[in-house]
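Single-letter residue listing:
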Amino acid sequence: MDSSGAPTTEDARAVRAFRPVPVHVGGGVHVGGGGPAPAAAFRWDVTGDPRDPLAVALRHASRRDAEPAVAVVLGTAHRSGDSALLLEGIARAGAGGGRRLVLLHRGAGGGSLLRSAALESPGPESPGLRVAALELPVRDAGPGFLTHVARLVRDAAPGAELRVAGNGTATRTGWRAAGLPELPVPPDGPALPGGAALVTGGLGGLGLRAAAVLSAVRGYRPVLLDTTAPGELPRRPAALLRRLCAAPPGADVLTVDVTDHRAVARALGRVPLPVRAVLHCAGVISGGPVALARARDLDALAAPKAEGLGTVLDALDPGALRHLVVFGSVTARVAHRQLGGYGLANELLRREALRRAAALPRCATVVAEWSLWSGAGQAHEMGAVAQARRMGMAPVPLAPGMAALLRLLRRPAGARAAGSVVLTGPGDDRTFPPGEPGEPNERGNSPT
């Protein structure tokens, strides 16, 4: 940081960034086209809406003499009851001695939870779960589609997560080093002076520091939304808040639950300035094995993230918004033991943010999928940073992370430019980017 406390360009370069890129799988055979292909049939045990056309088709295609497989069929968005269906599918596959478990969805997500369940399942002495997730087009792509899906399932490496296009071609996610937009020298101010920056989870360690940076460098007036009241803060965060409120342009605190639609709408309705930027930092961390998770626990982790984001955006003027930065987690991309529920919450957050981007044409939307932070944040406060380093992770230091945040605010606007980026700390991170599905990473653990 410089003498004013603002992050510098050198700080930002200490953070490593990666962007997802599609990697074609197989030959990209067009559904219904080409010559005959080897048969791929399963004895399907299907969980999901029994009326879903894909679930109906799977049951009709099931063969008693074929390999058993469990399929979880979900729709276009994660809905009430979907967490229970995912857990039911994991339990059924585990009870069958490590049967193949396949998630078939059209945007609802859930692959992150399956990967964590597979990572935690028994090892060489007892067969573990073999999982795969396929995101399918909203509408089935003509005759032979189900046969094509079955072939993809048969050929998928353990832990594979594939996206199937309308013409039947399939891609997996690869990773490429990405440069963040450069900061001008001196740093620029807000594009539209006189605006506010809403920070959810604003009284947490990261929320307070991000708000201070936006205030000092971009000139936005922070609006800090949190369930914790200022009088409940420990000594150090309370001191940070007092300094933030005392420095121009000041700050406002809204004590409200981000998942309470009416309360959020009332609170934000009292904000006098147009909200130009949203930093969605709300969320909680909770760990435990997927096998012991309950659906209500998964939903409670996801609520402040995906649902909370929707609640906030519904209460704001979309035409005034210029920046949306969503704080996600690398756990949505790579399985970590005991963090399957947290990974799912962040996967659902990413999907919700990118869906919402279509309705924000003048806004730059980015999902920042951070490694854990050192110097602030829940993992830092829990004392987990040293353990993460022993596991091969590269935590994000506070000043470089805040510098990277400023650079993320310079991304272009519009739904076509919306996307996600994984950010890790300096040095060698042996957990990211992951190898191809089924290949061990440098820790010797399968990424599934």
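In every chain, residue numbers begin from 1 and rise along the written sequence. Side-chain atom pairs in this predicted model are given and counted only at pLDDT of 80 or more, local residue features only at pLDDT of at least 70, and totals for whole chains, interfaces and linings cover all residues. As a rule here, side-chain values cover all heavy atoms of the structure and leave hydrogens and water aside.

### Side note on the packing of aromatic side chains
Centres within 6.5 Å make a pair out of two Phe, Tyr or Trp rings, where for Trp the six-membered ring is used; the pair is then stacked when the planes are under 30 degrees apart, edge-to-face when over 60, and tilted otherwise. Scanning the model with the defined rule gives six aromatic pairs in all. A ring pair is formed by F327 and W373, whose centres lie 6.3 Å apart and whose planes are at 10°; its orientation type is stacked. In this pair, F327 is assigned in strand β12 (residues 323–329) and W373 in strand β14 (residues 373–374), connecting sequence segments 46 residues apart. Three labels apply to residues, based on accessible area from a 1.4 Å probe with only protein chains included: buried if under 20% of the type maximum, exposed if over 50%, partly exposed otherwise in between. Exposure remark for W373: the relative accessible area of 5% places this residue in the buried category. The rings of F18, W175 and F432 are connected pair by pair, giving a single aromatic cluster. Secondary structure counts use DSSP, requiring at least four H or I residues in a row for a helix and at least two E residues in a row for a strand, with both numbered from the N terminus.

### Topic: the packing of helix α3 (residues 82–95) against helix α4 (residues 111–120)
Here α3 crosses α4 at 30°, and the two axes come no closer than 11 Å. As the angle between them shows, α3 and α4 are arranged roughly parallel. Seen along the crossing, α3 lies across α4 with a hand that is right-handed. The segment α3 lies against α4, with L86, L87 and I90 engaging L113, L114 and A117. Class assignment of the residues belonging to the contact of α3 with α4 gives a composition of six nonpolar, no polar and no charged. Axis geometry follows a simple rule: fit a line to the C-alpha atoms, using only the stretch in contact for helices, then measure angles between N-to-C directions, giving values from 0 to 180 degrees. For this classification, under 35 degrees means roughly parallel, over 145 means roughly antiparallel, 65 to 115 means roughly perpendicular, and everything else is oblique. The hand of a helix crossing depends on one turn: near helix anticlockwise from the far one by less than a right angle means left-handed, and clockwise means right-handed. The contact criterion used throughout is that any non-hydrogen atoms of two residues lie within 4.5 Å. Each residue is assigned to one class: nonpolar for Ala, Val, Leu, Ile, Met, Phe, Trp, Tyr, Cys and Pro, charged for Asp, Glu, Lys and Arg, and polar for all the others, Gly among them.

### Remarks on the nonpolar core
W370, L408 and L423 are the most contacted members of the largest nonpolar core, which has 40 residues in total. Secondary structure elements with two or more residues in this core: β8 (196–200), α6 (205–218), α7 (235–246), β11 (275–280), β12, β13 (364–370), α13 (398–408) and β16 (419–424). It is α6 that provides the largest number of residues to this core, a total of seven residues. Apart from residues no more than four positions distant in its own chain, W370 is found in contact with F327, G328, S329, V330, V396, G401, A404, L405, L408 and L423. Put simply, a nonpolar core is a bunch of buried Ala, Val, Leu, Ile, Met, Phe, Trp, Tyr and Cys residues held in one set by side-chain atoms that sit within 4.5 Å of each other.

### Topic: a positive patch on the surface
Taken together, the side chains of R235, R236, R242 and R243 present a region of like positive charge at the surface. As for its position among the elements, R243 is in helix α7. The exposure class assigned to R243 is exposed, which follows from its relative accessible area of 54%. A residue counts toward a patch only above 30% relative accessible area and without a salt bridge, and it is joined to like-charged neighbours within 9 Å or, for Val, Leu, Ile, Met, Phe, Trp and Tyr, to nonpolar neighbours within 5 Å. Calculation of accessible area relied on Shrake-Rupley with a 1.4 Å probe; when residues are assessed, cover is drawn exclusively from the protein chains displayed. When a carboxyl oxygen of Asp or Glu lies within 4 Å of a side-chain nitrogen of Lys or Arg, that pair is called a salt bridge. All tallies of charge rest on Lys and Arg as positive and Asp and Glu as negative; His and the ends of each chain are not included. The atoms used to mark charge sites are NZ of Lys, CZ of Arg, CG of Asp and CD of Glu.

### What to know about unusual backbone geometry
Following P248, the chain continues into P249 via a peptide bond in cis, with omega recorded as 5°. By the secondary structure assignment, P249 is in the loop between α7 and β10 (252–255). In the Ramachandran plot, Q338 falls in the positive-phi region, its phi being about 75° despite a non-glycine side chain. Looking at the secondary structure, you find Q338 in the loop between β12 and α10 (340–356). You can call Q338 partly exposed: its relative accessible area is 41%.

### Thoughts on the environment of A413
Relative to the assigned elements, A413 resides in the loop between α13 and β16. Residue classification places A413 among the partly exposed residues on the basis of a relative accessible area of 44%. For the pair formed by A413 and R322, sequence separation is 91 residues and the distance between their alpha carbons is 7.4 Å. Every residue in contact with A413, bar those within four places of it in the chain, is listed here: P361, R362, C363 and A364.

### Description of the pattern of salt bridges
Throughout the structure, instances matching the rule amount to 21 salt bridges. A salt bridge links R51 to D49; its shortest N-O distance comes to 3.2 Å. The class of D49 is partly exposed, set by a relative accessible area of 33%. Ionic pairing is found between D297 and R294, a salt bridge with its closest N-O pair at 2.9 Å. What makes D297 partly exposed here is its relative accessible area of 29%. Look at the salt bridges and you will find they share partners, linking R115, E135, E161, E347 and R351 into a network.

### Re the pairing of β16
With six of six residues buried, β16 lies mostly within the body of the structure. Should DSSP find at least two bridges between two strands, the strands are taken to pair. The pairing of strand β1 (residues 16–25) with β16 spans three bridges and is classified as antiparallel. Each bridged residue has a counterpart across the sheet, and for R16 the counterpart in β16 is T424. Bridging between β13 and β16 involves five bridges; their strand directions are parallel. Paired with V367 across the two strands is S420, which belongs to β16.

### Observations regarding the confidence of the model for the protein
Mean pLDDT over the protein works out to 86, with 83% of the residues at or above the 70 mark. Contacts for the low-pLDDT stretch residues 27–39, under 50 throughout, to residues beyond four places or in other chains number 19 contacts. The predictor's confidence in any single residue is recorded as pLDDT, a number from 0 to 100. A low-confidence stretch, residues 438–448 stays under pLDDT 50, and its non-local contacts, those more than four residues away or across chains, total 30 contacts.

### Concerning the environment of L203
Topologically, L203 is positioned in the loop between β8 and α6. Relative accessible area serves as the criterion here: at 5%, L203 is assigned to the buried category. The spatial distance from the C-alpha of L203 to the C-alpha of P230 is 7.7 Å, given a sequence separation of 27 residues. Apart from the residues within four sequence positions on either side, L203 is in contact with L208, L224, D226, T228, A229, P230, L233, L241 and V253.

### Quick look at α6
Within an α-helix, residues lying three or four positions from one another point in the same direction, as the helix has 3.6 residues per turn. By this rule, a helix spans an expected 1.5 Å times one less than how many residues it contains. Taking 1.5 Å of rise per residue, the 14 residues of α6 would be expected to cover 20 Å, and the 20 Å separating its terminal C-alpha atoms lies within 8% of that figure. Among the 14 residues of α6, 12 are classified as buried, and the element is accordingly described as predominantly covered. Those residues of α6 that sit buried are G205, L206, G207, L208, R209, A210, A211, V213, L214, S215, V217 and R218.

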